[in-house]
Amino acid sequence: MVDVELNKARFLKIYQDNIKREGADKLLEWLCSDRSDFFVAPASSKFHSAVLGGLCDHSLNVYDRAVELIENENKKDDSLFKNISAESIAISTLLHDLCKVNFYKVAQRNVKNEFGMWEKVDYYTVDEDLPYGHGEKSVYMISGFMRLTREEALAINWHMGGFDKRVIGGDYSISKAFSQFPFATLVHIADIMATYFDEDRE
Ligand SMILES: [Fe+2]
Ligand SMILES: [Fe+2]
């Protein structure tokens, strides 16, 4: 069960404690305004966290997984993540799925209930008004407010890993991105762990 208000408070605290970059306040202002459904949107139409507030919940789950993974890696002397800032972790996880803001709409369909009667049931459908892709769309949207480091941009851009439609279409540049930027690989793993280990699925 997703607690929308509790998640919103936690999201705001992590965001404000860690993200100090110029423009970050304007981005947060937009997320909290009625022009964005970030805090109530689902994380998907049916695959994971397809519930009210699922998107914010998923973003927090990815944040928690990434923090845990980096803390574990940093116990090793040769960790690849010693220089990753708390700000980069917060930006790249909390905002990785910004492409899903204002993306899902509630529609209705007829479903037979247990008594064999038809009834109208709400479900989420996709209504895309900015068809810019997925990870690349998040990068584009965030960049309208604040600058991303190259590492953050690559991590957000490729967070879907092998599920990214560009990769499915035969684009191999993700492999170079993952070997040049271990943090991008880690954010993808955190996204997978959140989706498959932490969230309700259909
Ligand atoms: Fe995503
Ligand atoms: Fe995600």
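Please refer to the structure placed before this passage.
Residues numbered from 1 in each chain as written. Chains lettered and ligands numbered in written order. Predicted model: local features only at pLDDT ≥ 70, side-chain atom pairs only at ≥ 80, totals over all residues.

Novice: I'd like a description of the overall build of the protein chain, backed by residues and values.
Specialist: Along the protein chain, the regular secondary structure elements total nine helices and two strands. Ordering the α and β elements of the protein chain from the N terminus gives α-α-α-α-β-β-α-α-α-α-α. For 202 residues, the compact-globule formula gives about 17 Å, and the C-alpha radius of gyration of the protein chain, at 18 Å, lands near that figure. The principal-axis extent of the C-alpha atoms belonging to the protein chain is close to 65 × 35 × 30 Å. For the protein chain, the proportion of its 202 residues judged to be buried stands at 37%. Taking the intrachain contacts of the protein chain between residues at least 6 apart in sequence as the baseline, contacts between residues at least 24 apart amount to 65%. (Helix = DSSP H or I, 4+ residues; strand = E, 2+ residues; numbered from the N terminus. Rg over C-alpha atoms; globule rule 2.2 N^0.38 Å. Buried ≥ 20, exposed ≤ 12 C-beta atoms within 10 Å, placed from the backbone. Contact = placed C-beta atoms within 7 Å.)

Novice: Just give me the short version of the packing of helix α5 (residues 135–143) against helix α6 (residues 150–157), but keep the residues and values in it.
Specialist: Their axes nearest at 7 Å, the elements α5 and α6 cross at an angle of 140°. Considering their axes alone, α5 and α6 lie oblique with respect to each other. Touching G135, E136, S138 and V139 of α5 are A153, I156 and N157, all from α6. Residue composition of the contact of α5 with α6, grouped by class: three nonpolar, three polar and one charged. (Axes fitted to C-alpha atoms, helices over the stretch in contact; angles between N-to-C directions. Parallel < 35°, antiparallel > 145°, perpendicular 65-115°, else oblique. Nonpolar A, V, L, I, M, F, W, Y, C, P; charged D, E, K, R; others polar.)

Novice: With reference to specific residues and values, describe the environment of G53.
Specialist: Inspection of the secondary structure assignment puts G53 in the loop between α2 (24–32) and α3 (54–73). For G53, a count of 22 C-beta atoms within 10 Å puts it in the buried group. In this structure the C-alpha to C-alpha distance between G53 and F39, which are 14 residues apart in sequence, comes to 5.4 Å. Other than its neighbours up to four places away in sequence, G53 contacts V2, V4, N7, F39 and V40.

Novice: I'd love a proper account of unusual backbone geometry, names of residues and values included.
Specialist: Of note in this structure, S49 is not a glycine but carries a positive phi near 45°. By the element assignment, S49 lies in the loop between α2 and α3. Phi is positive for N102, close to 55°, though the residue is something other than glycine. Checked against the element boundaries, N102 lands in the loop between α4 (86–94) and β1 (104–112). A count of 15 C-beta atoms within 10 Å places N102 in the partly exposed class.

Novice: Tell me about the pairing of strand β2 (residues 118–126), residues and numbers included.
Specialist: Alignment of β1 against β2, held across nine bridges, turns out to be antiparallel. Looking at β2, one finds that A107 is bridged to Y123. A loop of five residues connects β1 with β2, the two strands running antiparallel in sequence, and G116 in this loop sits at a positive phi of about 80°. (Pairing = 2+ DSSP bridges.)

Novice: Explain α5 to me, and be specific about the residues and the numbers.
Specialist: Residues three or four positions apart in an α-helix share a direction because the helix packs 3.6 residues into each turn. Along α5, the positions that sit buried rather than exposed are G135, K137, S138, V139 and I142. On its buried face, α5 is in contact with α2 and α6.

Novice: An account of the nonpolar core is requested, with residue identities and associated values reported.
Specialist: When a protein is soluble and globular, its nonpolar side chains tend to lie buried together. Residues Y63, A66, A90, L94, A155 and V187 are the most contacted members of the largest nonpolar core, which totals 44 residues. Taken together, the elements giving at least two residues each to this core come down to α1 (4–18), α2, α3, α4, α5, α6 and α9 (182–198). Here this core takes seven residues from α3, the largest share from any one element. Leaving out residues up to four positions away in the same chain, Y63 has contacts with I14, A90, T93 and L94. (Core = buried A, V, L, I, M, F, W, Y, C linked by C-beta atoms within 7 Å.)

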